[in-house]
Amino acid sequence: MRAVRIAFLVGVIHAAFSLYWALGGTWLLDTVGQRPQDFVKSGPLSASLVLGLIALFKALAAVIPLLNAQGRLPWPKLWRGISWVGGVFLVLYGGFVTLTSLAVLGGLVNFGAYDRPAMLGHAFLWDPLFLMWGVALVWHLWQTRRNA
């Protein structure tokens, strides 16, 4: 259960920041890129709605595997299958973007002009968190495969 709790915690952290930005907060918003910043400035109401939905999606993606592991959801095999897809996606996406961002920051990949705060955020915060979330979730699912 430790791995699914770690996955839950990391997912809730991601969801909490999306909710914070949906409610108008700006701390660390520059670490996700210029486009989200422009979106928030140009259409605060629509940005709040979109970010609120993203926060809700992330929160559900964090809580469903935990509730399923505790036996609190109907159709456990369905939720387990969806969790596998989500976990593998998080590992692949988080790993790829983290490594790509690190390569750009390290000068291994010439990306031309880039948004340094966003690249730092993707290399050292947001995408490593996605990777950690996915690894913890996949680890939990792998370790409990015989019980499912």
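Residues numbered from 1 in each chain as written. Predicted model: local features only at pLDDT ≥ 70, side-chain atom pairs only at ≥ 80, totals over all residues. Heavy atoms only, no water.

Concerning the overall build of the chain
Going by this rule: Starting at the N terminus, helices and strands are each numbered in turn, a helix being any DSSP run of H or I of at least four residues and a strand any DSSP run of E of at least two. Only protein chains enter the accessibility calculation, which uses a 1.4 Å probe; a residue is then buried when its area is under 20% of its type maximum, exposed when over 50%, and partly exposed in between. Shrake-Rupley sampling with a 1.4 Å probe provides the accessible areas, and residues are treated as covered by the protein chains on show and by no other component. Only four residue types enter the charge count, namely Lys and Arg as positive and Asp and Glu as negative; His and the chain termini do not. A charged residue contributes its charge at one atom only: NZ of Lys, CZ of Arg, CG of Asp or CD of Glu.
Assigned secondary structure in the chain consists of 6 helices and 0 strands. Helices and strands in the chain line up, N terminus first, as α-α-α-α-α-α. A total of 148 residues make up the chain; the buried ones form 38% of that total. Summed over all atoms, the accessible surface of the chain reaches about 9,000 Å², with 73% contributed by carbon and sulfur. Side chains of the chain carry 11 positive and 4 negative charges; the gap between the two charge centres is 23 Å.

What about a nonpolar patch on the surface?
Heads up, the rule is: A patch is a set of surface residues, each over 30% in relative accessible area and not in a salt bridge, joined within 9 Å for like charges and within 5 Å for the nonpolar side chains Val, Leu, Ile, Met, Phe, Trp and Tyr. When a carboxyl oxygen of Asp or Glu is within 4 Å of a side-chain nitrogen of Lys or Arg, the pair counts as a salt bridge.
Together, Leu49, Leu53, Leu56 and Leu60 give the surface a local cluster of nonpolar side chains, amounting to about 400 Å² of exposed area. Judged by relative accessible area, Leu60 falls into the partly exposed class, the value being 40%.

Remarks on the confidence of the model for the chain
Put simply, the test is: The predictor rates its confidence in each residue with pLDDT, a number between 0 and 100.
Overall, the predicted model of the chain reaches an average pLDDT of 95, with 99% of residues at or above 70. At the low end of the mean pLDDT range in the chain sits helix H2 (residues 34–42), at 85; at the high end sits helix H6 (residues 126–143), at 98.

Here's the deal with the environment of Ile13
As for its placement among the helices and strands, Ile13 is situated in helix H1 (residues 2–22). Among the residues examined, Ile13 registers a relative accessible area of 31% and is labelled partly exposed. Placed 46 residues apart in sequence, Ile13 and Ala59 show a C-alpha to C-alpha distance of 8.9 Å.

Concerning unusual backbone geometry
For Leu28, which is not glycine, the phi torsion reads 70° and is therefore positive. On the secondary structure map, Leu28 appears in the loop between H1 and H2. For Trp75, which is not glycine, the phi dihedral falls at a positive 55°. Positionally, Trp75 belongs in the loop between helix H3 (44–69) and helix H4 (76–105). Look at Trp75 and you get exposed, because its relative accessible area is 58%.

Focus: the side chain of Ser18
For clarity, the threshold we go by: Only heavy atoms matter for contacts: two residues are in contact if any of them lie within 4.5 Å across the pair.
Counting through the fold element by element, Ser18 comes out in helix H1. Not counting residues within four places of it along the chain, the set of residues in contact with Ser18 comprises Leu51, Ile54, Ala55 and Lys58.

Remarks on the nonpolar core
For clarity, the threshold we go by: Only buried Ala, Val, Leu, Ile, Met, Phe, Trp, Tyr and Cys residues count toward a nonpolar core, and they belong to the same one when joined by side-chain atoms within 4.5 Å.
Among the nonpolar cores identified, the biggest contains 20 residues, and Trp21, Trp126 and Trp133 are the most heavily contacted of them. Counting residues per element, this core draws most heavily on H6, which supplies 7 residues. Setting aside residues no more than four positions away along its own chain, Trp133 makes contact with Ala7, Val10, Gly11, His14, Lys58, Ala61, Ala62 and Leu90.

Some thoughts on the packing of aromatic side chains
The following threshold applies: Any two rings among Phe, Tyr and Trp, with Trp reduced to its six-membered ring, count as a pair given centres within 6.5 Å; such a pair is stacked if its planes are under 30 degrees apart, edge-to-face if over 60, and tilted if neither. Our definition puts a charge over a ring when NZ of Lys or CZ of Arg is within 6 Å of the ring centre and also within 35 degrees of the ring normal.
Under the counting rule described, the total for this entry stands at 8 aromatic pairs. Note on Phe17 and Trp27: the rings are 5.8 Å apart at their centroids and 35° apart in plane angle, and the pair reads as tilted. Taken together, the residues Phe17 in helix H1 and Trp27 in the loop between H1 and H2 connect sequence positions 10 residues apart. Taking relative accessible area as the criterion, Phe17 reaches 18% and is therefore assigned buried. With a relative accessible area of 55%, Trp27 lands in the exposed category. Between Trp21 and Trp126, the ring centres sit 5.4 Å apart and the planes meet at 70°, which makes this aromatic pair edge-to-face. Remark: Trp126 occurs in helix H6 and Trp21 occurs in helix H1; sequence separation between them is 105 residues. No difference in accessibility class separates Trp21 from Trp126, as the two residues are buried. In this structure, Arg145 is placed above the aromatic ring of Trp142, and the distance from its NZ or CZ to the ring centre is 3.8 Å.

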